[in-house]
Amino acid sequence: MPAKSSKMQSQIHVPISVPSRQNPTILVTGFWPPTNEMIRHFSQDQSLNPSGWDGENWEGSGYDIVSYFPEFSDPDCNNCGQGYGDFEVDYQDTSSDFWPIFNNHKPVAVITFSRGYIDRSWELEFNYYNRTNWYPDYSAPTLPTPNPPDSLEESYLLRNSSLPMEQIVNDIAHTSLDIDPYIDWDGDPGRFVSEFMGYHGVWYHDLNLYNDQTPCLTAGHVHVGGQLEVATARAAAEQTIRTVIAHVEDLYYVVGDLNEDGVIDILDLVTMVSYILGSLELDTGQILAADINEDGIVNIQDIIGVINIIINS
């Protein structure tokens, strides 16, 4: 099994440059209660959400929030089974629904949710494996086809969450919600359809990270405690989305414009040199703007790069 990425590596942001971000979409999905109910108000399907879609330009953020989830005959079920509709708790159904939905919406961020332990937890999962040893689901074929699901990659390839997990935990912990947020750094999301969906989310992110027109900037999975009331889970989901929106905003930048004044000039060069020498700290967007050659390191090559931008402009 491949070695797990370190916590430090998980916090390194890769360079993204986004030319346009009109009406970006954040896609959220749920499986068993309370996760389907807590995001119902973000569904655009009138039959699932007769009260009307709440996700358009949500809270004036400039982002549309769209949700997909299964239905269950008993909305308060404990042993819920497969369900029906969008994203049934089934390997084949999840894959067949996932790609058309995601390729249609082209989300800038993905948060997949499912029910976790029967407690009051908000568990952010870090690791997702392209595994073959899944637990069987409810309908034949009971294992993914193909298996591993990402057939172009080696078995047990590790992908990681790129959500701002520590910030999400901190933000939820500072609410008045009776909830226990934490990060599972070393485990996995359980080898069932939850991990399968979580893997799909980070897989989509990895495939579209460098898409110049419709990049997916962040993705990850949250296990939601089964004892949480729908109202509490909904409030925690909304806080998670707010934190993700702030994180996505930090990832937008113009290459070379370190001081974010709209002009690439000698001031940006001075800022870059000061950062390399350790005399100045930069935020995430500034670091991304400084990485001119997109190799994940800000160094002398990037100094040369910004000089060339200044000269050519």
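A brief look at the structure comes next. Computed from a predicted structure; not experimentally measured.

## So, the overall build of the protein
Summing up its helical and strand segments, the protein has nine helices and ten strands in all. C-alpha extents for the protein along the principal axes are approximately 65 × 45 × 35 Å. The burial tally for the protein puts 52% of its 313 residues in the buried class. Within the protein, counting contacts between residues at least 6 apart in sequence, those at least 24 apart form 76% of the total. About 13900 Å² of surface is accessible on the protein, with carbon and sulfur atoms providing 50% of the total. Between the averaged position of the 12 positive side-chain charges in the protein and that of its 46 negative side-chain charges there is a distance of 6 Å.

## Some remarks on the nonpolar core
Core analysis: the largest hydrophobic core is formed by 41 residues, its most contacted members being Val-28, Ile-65, Phe-113 and Trp-122. The element that contributes the greatest number of residues to this core is helix H6 (residues 230–251), accounting for eight residues. Every residue in contact with Phe-113, bar those within four places of it in the chain, is listed here: Val-28, Thr-29, Gly-30, Phe-31, Thr-35, Met-38, Ile-39, Trp-122, His-221, Val-222, Val-224 and Ala-237. Counting 28 residues, the second largest nonpolar core, distinct from the first, contains Leu-27, Leu-157, Tyr-199 and Tyr-204.

## Focus: the sheet that holds strand S10 (residues 218–224)
Taking strand neighbours across the sheet as the criterion, the six strands line up as S2-S1-S5-S10-S6-S9 in an open arrangement whose pairing is mixed. Of all strands in the sheet, those bounded by a partner on one side alone are strand S2 (64–68) and strand S9 (180–184). On average, adjacent strands in this sheet sit at an angle of 20° to one another, irrespective of strand direction. Across five bridges, the pairing between strand S6 (residues 121–125) and S9 is parallel. What sits directly across from Trp-122, in S9, is Pro-181. Running at roughly 160° to strand S1 (residues 25–29), helix H3 (residues 91–105) makes contact with S1, S2 and strand S5 (109–115) of the sheet.

## Re the packing of H3 against helix H5 (residues 193–208)
One way to put it is that H3 packs onto H5 with a least axis distance of 11 Å and a crossing angle of 30°. Accordingly, the angle class assigned to the pair H3 and H5 is roughly parallel. In the packing of H3 onto H5, the handedness of the crossing is right-handed. Contacts between H3 and H5 involve Tyr-91, Thr-94, Ser-95, Phe-98, Trp-99, Phe-102 and Asn-103 from the former and Val-193, Phe-196, Met-197, His-200, Gly-201, Trp-203, Tyr-204 and Leu-207 from the latter. Each residue belonging to the contact of H3 with H5 can be placed in one class, and the counts come to ten nonpolar, five polar and no charged.

## Comments concerning the packing of helix H7 (residues 266–276) against helix H9 (residues 300–312)
In contact at an axis separation of 10 Å, H7 and H9 are set at 175° when each is read in the N-to-C sense. In terms of orientation, H7 and H9 fall into the roughly antiparallel class. The residues of H9 that touch H7, namely those facing Ile-266, Leu-269, Met-272, Val-273 and Ile-276, are Ile-300, Asp-302, Ile-303, Val-306, Ile-307 and Ile-310. Of the residues in the contact of H7 with H9, the class split is ten nonpolar, no polar and one charged.

## Side note on H3
Helix length check: H3, at 15 residues, gives a terminal C-alpha distance of 21 Å against a target of 21 Å (1.5 Å per residue), a fit within 8%. Along its length, H3 shows its largest kink, about 25°, at Phe-98, and proline Pro-100 lies within four residues downstream of that point. Along H3, the positions that sit buried rather than exposed are Tyr-91, Asp-93, Thr-94, Asp-97, Phe-98, Ile-101, Phe-102 and His-105. Considering only its buried residues, H3 is in contact with S1, S2, strand S4 (84–85), S5 and H5.

## Considering the side chain of Asn-36
Inspection of the secondary structure puts Asn-36 in helix H2 (residues 35–38). According to the relative accessible area criterion, Asn-36 is buried, its value standing at 1%. A polar contact is formed between the side chain of Asn-36 and the backbone oxygen of Pro-70, at a distance of 3.4 Å. Other than its neighbours up to four places away in sequence, Asn-36 contacts Phe-31, Phe-69, Pro-70 and Phe-72.

The rules behind these values
- Residues numbered from 1 in each chain as written.
- Predicted model: local features only at pLDDT ≥ 70, side-chain atom pairs only at ≥ 80, totals over all residues.
- Heavy atoms only, no water.
- Helix = DSSP H or I, 4+ residues; strand = E, 2+ residues; numbered from the N terminus.
- Buried < 20%, exposed > 50% of the residue type's maximum accessible area, 1.4 Å probe, protein only.
- Contact = heavy atoms within 4.5 Å.
- Areas by Shrake-Rupley, 256 points an atom, 1.4 Å probe, with all protein chains shown as cover.
- Lys, Arg positive; Asp, Glu negative; His and termini not counted.
- Charge placed at Lys NZ, Arg CZ, Asp CG, Glu CD.
- Core = buried A, V, L, I, M, F, W, Y, C linked by side-chain atoms within 4.5 Å.
- Pairing = 2+ DSSP bridges.
- Axes fitted to C-alpha atoms, helices over the stretch in contact; angles between N-to-C directions.
- Parallel < 35°, antiparallel > 145°, perpendicular 65-115°, else oblique.
- Left-handed = near helix turned anticlockwise from the far one by under 90°.
- Nonpolar A, V, L, I, M, F, W, Y, C, P; charged D, E, K, R; others polar.
- Expected span 1.5 Å × (residues − 1).
- Bend = angle between axes of the 7 residues up to and from the residue.
- Polar contact = N/O pair within 3.5 Å; in protein donor to acceptor, adjacent residues only side chain to side chain.

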